Amino acid sequence: MRVSLQPALNDSNLDANQVNSQRQLGISISAIAEVQDRNVPLNLCLILDHSGSMNGRPLETVKNAANRLVDRLSPGDRLSVVVFNHRAKVLIPSQSIEDPEKIKQQINRLAADGGTSIDEGLRLGIEELAKGKKDSVSQAFLLTDGENEHGDNNRCLKFAQLAASYNLTLNTLGFGDNWNQDVLEKIADAGLGTLSYIQKPDRVVDEFSRLFSRVQAVALTNAYLIFSLMPNIRLAELKPVAQVSPDTIELPLQQEPDGRFSVRLGDLMKDAERVILANIYLGQLPPGKQAIANVQVRYDDPATNETSIFTPNIPVYANIVGDYQPNPNPQVQQSILALAKYRQTQLAETKLQQGDRTGAATMLQTAAKTALQMGDTSAATVLQTSATQLQSGGDLSESDRKKTRIVSKTVLQDTPLQ
């Protein structure tokens, strides 16, 4: 397994006469499979809501989806199941897959009752997942249909950050329309996973299957992107780095012991591109081709039990010219649009919370136009529909709000949200 690392500026030409310039640095990162690579064991934890509101078809479809996932696991993979209502318990302790039918029997006995305490379920899930994380791909699926009424949302975020420090990935699935999208998004973002919206029970199996396929594609873990900036070059102080594909996530920047900067990437999938966008400022530079930065990835390879492997440093060059003509990069421009769509939608949500319906509608229209620019017609439709609803004096339903949040974060690859 090796890492592909391809940096590019949104405009590689810089005006030699400019005292200061701003550029976006797009970085494509992926794990490249090689013939001799072997599969890495999976270590999964299902953290499932079985509160009273899940009674009937919702819980039955979740159990069906969990059973199908069990059937797809291989000997040597590990699974644990934690369930929660207003309390949490370990239904299936972390164990190797040796008796799938017994595991499914335990899942099938699950009944719905009680309230909702997400943080306790998350705490136990992280504990179980951590038991099997050595030399494996470790991910959790947290599914809930409700607010954290018996828990503490700040505690949820702290547990998500703890999971990240253990190199565990958290995926969140909101079931129905009554879950808190802010909490589930923060958990998924901190755990570098994905946020899913399951509007109807019959979509549970498809979402579990989609997430499982993503987990199967993971080849390298605990990855960090490291920036080394040349003199007179700096990262933006506010929101300097974001991931824009496959999901949009604002990434926290940290400083390495040697003074370089890094952002955590988490898991890298085989032949599946991760795209990072960095906002950089450049002081005046002498004419000619100038190296402005180096980028490098540090990662673990669970297939070979190697840790802290470094890719070669890849230089980033700019052409400093006296007679400036722009030289735009279409791929980086696309990434800029993806991040703009996300931030414009966030701003619309903020305006709506402040009671500024007109401002929210305007920002949603802007986000819809941005989505159209990047060819994301599904998002454009959802965003424009929400904008029109506000302009006509209506309110956004919980379903509308959740669709808007999901399409702001990613480009839908399957059927559009209904």
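All values reported here derive from a predicted model rather than from experimental measurement.

Student: Explain the overall build of the protein to me, please; I cannot follow it from the model alone.
Tutor: A count of helices and strands for the protein gives 10 helices and 19 strands. Every one of the 418 residues in the protein was classed for burial, and the buried ones make up 56%. As presented, the protein carries roughly 18000 Å² of accessible surface, and 47% of it is formed by carbon and sulfur atoms.

Student: Help me understand the side chain of Gln-296 in this model?
Tutor: Residue position: Gln-296 is located in strand β17 (residues 288-301). Accessibility expressed as a relative area gives 9% for Gln-296, which makes it buried. At a separation of 2.9 Å, a polar atom in the side chain of Gln-296 contacts the side chain of Arg-260. Residues within four places of Gln-296 in sequence aside, it is in contact with Leu-5, Tyr-224, Leu-225, Ile-226, Arg-260, Phe-310, Thr-311, Pro-312 and Asn-313.

Student: It is not clear to me how the pairing of strand β6 (residues 88-96) should be interpreted in this structure. Could you clarify?
Tutor: The side chains of a regular strand alternate, first on one face of the sheet and then on the other. As judged from the 6 bridges shared by strand β5 (residues 78-84) and β6, these two strands associate in the antiparallel manner. Note that in β6 the partner of Arg-78 across the bridge is Ser-96. The hairpin turn running from β5 into β6, its antiparallel successor, is 3 residues long.

Student: Which parts of the structure should I look at to understand the sheet that holds strand β4 (residues 42-49)?
Tutor: Two orientations exist for strands paired in a sheet by backbone hydrogen bonds: parallel and antiparallel. Taken together, 6 strands build an open sheet; the order of strands is β6-β5-β4-β7-β8-β9 and the sheet is mixed. On the outer flanks of this sheet lie β6 and β9 (195-198), each paired with one strand and no other. The mean angle between the axes of side-by-side strands here comes to 15°, regardless of whether they run parallel or antiparallel. Pairing analysis gives 4 bridges linking strand β8 (residues 169-175) to β9, with the strands arranged parallel.

Student: Help me out: how do you make sense of the packing of helix α8 (residues 357-373) against helix α9 (residues 377-391) in this one?
Tutor: When two helices pack together, their arrangement is given by the angle between the helix axes and the distance between those axes. Where α8 contacts α9, the axes come no closer than 8 Å and their chain directions differ by 160°. With respect to each other, α8 and α9 are oriented roughly antiparallel. Crossing handedness for the pair α8 and α9: left-handed. In this structure, α8 uses Arg-357, Ala-360, Ala-361, Leu-364, Gln-365, Ala-367, Ala-368, Ala-371 and Leu-372 to contact α9, whose residues at the interface are Thr-377, Ala-379, Ala-380, Leu-383, Gln-384, Ser-386, Ala-387, Leu-390 and Gln-391. Considering only residue class, the contact of α8 with α9 consists of 12 nonpolar, 5 polar and 1 charged.

Student: Hey, could you run me through α9 in this one?
Tutor: Between the first and last C-alpha of α9 there are 21 Å, a value that for 15 residues agrees with the 21 Å anticipated at 1.5 Å per step. Turning to α9, its buried residues number three or more, namely Ser-378, Ala-379, Ala-380, Val-382, Leu-383, Ser-386, Ala-387 and Leu-390. Among the structural elements, α7 (330-353), α8 and α10 (398-409) are those in contact with the buried residues of α9.

Student: Looking at this model, I keep getting lost on helix α5 (residues 181-190). Mind explaining?
Tutor: Because an α-helix packs 3.6 residues into every turn, residues spaced three or four apart end up facing the same way. In terms of residue burial, α5 counts as a mostly covered element, since 7 of its 10 residues are buried. For α5, every residue scored as buried is listed here: Gln-181, Val-183, Leu-184, Glu-185, Ile-187, Ala-188 and Asp-189. Sitting at the amino-terminal end of α5 is Asn-180, which places a side-chain oxygen 3.0 Å from the backbone nitrogen of Asp-182.

Student: Just checking my understanding: could you explain the confidence of the model for the protein for this structure?
Tutor: Low pLDDT marks stretches whose predicted atomic positions should not be read closely. Averaged over every residue, the pLDDT of the protein is 93; the share at 70 or more is 97%. Of the regions scoring below 50 in pLDDT, residues 413-418 engages in 11 contacts with residues more than four places distant in sequence or in other chains.

Student: Help me out: how do you make sense of the packing of helix α3 (residues 118-131) against helix α4 (residues 153-165) in this one?
Tutor: Two elements in contact, α3 and α4, have axes separated by 9 Å at closest approach and are oriented at 15°. Looking at the two axes, α3 sits roughly parallel to α4. Considering the relative orientation of α3 and α4, their crossing is left-handed. Residues Ile-118, Asp-119, Glu-120, Leu-122, Arg-123 and Ile-126 of α3 lie in contact with α4, whose contacting residues are Arg-155, Cys-156, Phe-159, Ala-160 and Ala-163. Looking at the contact of α3 with α4, its residues break down into 7 nonpolar, no polar and 4 charged.

Here is what the cut-offs are and how they apply
- Per chain, residues are indexed from 1 in the order of the written sequence.
- Only residues with pLDDT of 70 or above have their local features reported here, since the model is predicted, and side-chain atom pairs are shown and tallied only from 80 upward, although totals for entire chains, interfaces and linings are computed over all residues.
- Values shown for side chains rest on all heavy atoms present in the structure; no hydrogens or waters enter the calculation.
- Under the DSSP-based scheme used, a helix requires at least four consecutive residues in state H or I and a strand at least two consecutive residues in state E, with every element numbered from the N terminus.
- Relative accessibility decides the category of a residue: with a 1.4 Å probe and only protein chains considered, values under 20% of the type maximum give buried, values over 50% give exposed, and everything between is partly exposed.
- Per-residue and other accessible areas follow the Shrake-Rupley method at a 1.4 Å probe size, with only the shown protein chains counted as cover for residues.
- Whenever a nitrogen or oxygen atom comes within 3.5 Å of another N or O atom, the pair is scored as a polar contact, on the condition that within protein one atom can donate a hydrogen and the other can accept it, and that pairs from neighbouring residues in sequence are kept only if both atoms are in side chains.
- Residues are treated as being in contact if the distance between any of their heavy atoms lies within 4.5 Å.
- Here, any two strands with at least 2 DSSP bridges between them count as paired.
- Lines fitted to the C-alpha atoms define the axes, with helices restricted to the stretch that makes contact. Angles between their N-to-C directions range from 0 to 180 degrees.
- Orientation categories follow fixed angle ranges, with anything under 35 degrees roughly parallel, anything over 145 roughly antiparallel, 65 to 115 roughly perpendicular, and all other angles oblique.
- Take the far helix as the reference: if the near one is turned anticlockwise from it by less than a right angle, the crossing is left-handed, and if turned clockwise, right-handed.
- Any residue that is not Ala, Val, Leu, Ile, Met, Phe, Trp, Tyr, Cys, Pro, Asp, Glu, Lys or Arg is counted as polar, Gly included; the first ten are nonpolar and the last four charged.
- Helix span, as expected, comes to 1.5 Å for every residue beyond the first.
- As a per-residue measure, pLDDT tells how confident the predictor is, with possible values from 0 to 100.

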